[in-house]
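Observations on the model geometry
What follows is the residue order along each chain.
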Amino acid sequence: MSEKVTFWFDVSCPFAWATSRWIKEVEKVRDIDVDWQPMSLSVLNAGRDLPDEYAEKMRSNWAPARVFAAVATLDGADKVDELYTTLGTKVHNEGPVNREGVEPEFVYDDLIVESLAEVGLPAERFEVAHTDAYDGKLRAFHQGAIDAVGDDVGTPVVKLGETAFFGPVITRIPRGEEAGEIFDASVRLAQYPHFFEIKRSRTESPQFD
């Protein structure tokens with residue numbers, strides 16, 4: 001029987017990206033069924049007093065998150081998965097994203113358009129990027145993550161069976177059977193109803209090779 005996983009992400013987040021690539025490795029060695037859903041760091045940080053540089057990034061993050069909300073609503077989780085892999089690879093593995101001389105709201109536009117074409121999604125999905133047409137849907141997907149895990153979180157949120165956590169936060173991507181073993185351990189922790197948190201200070205940024 002497949003292990004059910006729900007994975008909420010913001011495509012801009014390098015920690016979500018590293019964890020998502022681990023889950024893609026797990027798919028190769030374990031029987032899991034992953035439901036990929038968008039959430040939004042822009043929604044999460046709305047109304048907060050943020051440093052200028054981070055606030056600028058939150059302005060940038062609306063466009064891709066809105067597109068993912070539209071794809072999740074109209075095209076389903078499999079296409080969300082494909083688009084996340086394609087756009088995330090451009091953002092993280094082939095990045096950094098060019099922000100020079102580009103208004104924050106538009107820095108992801110070319111990458112979104114390219115990625116939609118590469119995964120065979122309609123070009124008109126991009127039309128929602130700079131409107132609020134799917135903001136209600138995006139906030140609903142985001143709230144699904146918050147309802148599952150609580151308020152004190154970022155991205156990713158991963159639900160294993162009936163229990164959701166912020167994270168796991170990793171900086172390297174486990175491969176092969178090691179990916180599966182770490183997944184098994186995570187599932188076992190999730191099965192214990194009184195387990196809540198493991199944390200230590202990070203000593204490196206995420207690496208994706």
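The structure this text deals with has already been given above.
I will try to describe carefully the structure that is included in this document. Since this is a predicted model, take the numbers as computed values, not measurements.

What follows covers the overall build of the protein. Helices and strands together make up the secondary structure of the protein, namely 7 helices and 4 strands. Counted from the first residue to the last, the protein has its helices and strands arranged as β-α-β-α-α-α-α-α-β-β-α. In terms of C-alpha radius of gyration, the protein reaches 17 Å, essentially the compact-globule figure of 17 Å for 209 residues. Each principal axis of the C-alpha atoms in the protein carries an extent, and together these give about 45 × 40 × 35 Å. For the protein, buried positions account for 49% of its 209 residues. Taking the intrachain contacts of the protein between residues at least 6 apart in sequence as the baseline, contacts between residues at least 24 apart amount to 77%. Only carbon and sulfur atoms are counted for the fraction: they give 48% of the accessible area of the protein, which is about 10,900 Å². Taken together, the 22 basic and 38 acidic charged side chains of the protein have centroids lying 3 Å from each other.

Before going further, it helps to spend a moment on the sheet that holds strand S4 (residues 163-166). On the basis of which strands lie adjacent, the open sheet formed by 4 strands has the order S2-S1-S3-S4 and mixed pairing. What marks the edges here is a single partner per strand, and that holds for strand S2 (32-38) and S4. With direction set aside, neighbouring strand axes in the sheet form an average angle of 20°. Bridge analysis of strand S1 (residues 3-9) against strand S3 (residues 157-160) gives 4 bridges, and the strand direction is antiparallel.

Another aspect to go through is the pattern of salt bridges. Summed over the entire model, instances satisfying the criterion amount to 13 salt bridges. Between aspartate 75 and arginine 125 there is a salt bridge, with the nearest N and O atoms lying 2.7 Å from each other. Taken together, the residues span a long stretch of sequence, with aspartate 75 in the loop between helix H3 (52-74) and helix H4 (77-93) and arginine 125 in the loop between helix H5 (109-118) and helix H6 (135-149) at a distance of 50 residues. What makes aspartate 75 partly exposed here is its relative accessible area of 26%. A network of salt bridges, in which partner residues are shared, links Lys24, Glu27 and Asp81.

Before going further, it helps to spend a moment on the environment of asparagine 45. By secondary structure assignment, the location of asparagine 45 is in the loop between helix H2 (41-44) and H3. Taking the relative accessible area as the measure of exposure, asparagine 45 reaches 9% and is therefore buried. Sequence separation between asparagine 45 and phenylalanine 183 is 138 residues; the distance between their C-alpha atoms is 29 Å. Among residues more than four places away in sequence, those in contact with asparagine 45 are Leu50, Tyr54 and Met58. Among the polar contacts made by the side chain of asparagine 45, one reaches the main-chain carbonyl oxygen of leucine 41 at a distance of 2.8 Å.

The next point concerns the packing of H3 against H5. Look at H3 against H5: their axes get within 10 Å of each other, and the N-to-C directions meet at 25°. Accordingly, the angle class assigned to the pair H3 and H5 is roughly parallel. Between H3 and H5 lies a crossing of right-handed hand. For the pair H3 and H5, contact is made by Ala63, Pro64, Val67 and Val71 and by Asp109, Ile112 and Leu116, respectively. For the contact of H3 with H5, the per-class residue count stands at 6 nonpolar, no polar and 1 charged.

With that out of the way, let us pick up the packing of helix H1 (residues 14-29) against H4. Where H1 contacts H4, the axes come no closer than 11 Å and their chain directions differ by 130°. Between H1 and H4, the interaxial angle falls into the category oblique. Judged by the sense of rotation from one axis to the other, the crossing of H1 with H4 is left-handed. Only Asp81, Tyr84, Thr85, Gly88, Thr89, His92 and Asn93 of H4 make contact with H1, whose side of the interface consists of Pro14, Ala16, Trp17, Ser20, Arg21 and Lys24.

Take unusual backbone geometry next. Generally, phi is negative for residues other than glycine and the peptide bonds are trans, each holding for most cases. In this structure, the amide linkage connecting threonine 155 to the following residue, proline 156, adopts the cis form with an omega of 5°. Looking at where proline 156 falls in the secondary structure, it is placed in the loop between H6 and S3. Here the bond from glycine 167 into proline 168 is cis, since omega is 5°, no more than 30 degrees from zero. Among the structural elements, proline 168 can be located in the loop between S4 and helix H7 (176-191).

Definitions and cut-offs
- Residues numbered from 1 in each chain as written.
- Predicted model: local features only at pLDDT ≥ 70, side-chain atom pairs only at ≥ 80, totals over all residues.
- Heavy atoms only, no water.
- Helix = DSSP H or I, 4+ residues; strand = E, 2+ residues; numbered from the N terminus.
- Rg over C-alpha atoms; globule rule 2.2 N^0.38 Å.
- Buried < 20%, exposed > 50% of the residue type's maximum accessible area, 1.4 Å probe, protein only.
- Contact = heavy atoms within 4.5 Å.
- Areas by Shrake-Rupley, 256 points an atom, 1.4 Å probe, with all protein chains shown as cover.
- Lys, Arg positive; Asp, Glu negative; His and termini not counted.
- Charge placed at Lys NZ, Arg CZ, Asp CG, Glu CD.
- Pairing = 2+ DSSP bridges.
- Axes fitted to C-alpha atoms, helices over the stretch in contact; angles between N-to-C directions.
- Salt bridge = Lys/Arg side-chain N within 4 Å of Asp/Glu carboxyl O.
- Polar contact = N/O pair within 3.5 Å; in protein donor to acceptor, adjacent residues only side chain to side chain.
- Parallel < 35°, antiparallel > 145°, perpendicular 65-115°, else oblique.
- Left-handed = near helix turned anticlockwise from the far one by under 90°.
- Nonpolar A, V, L, I, M, F, W, Y, C, P; charged D, E, K, R; others polar.

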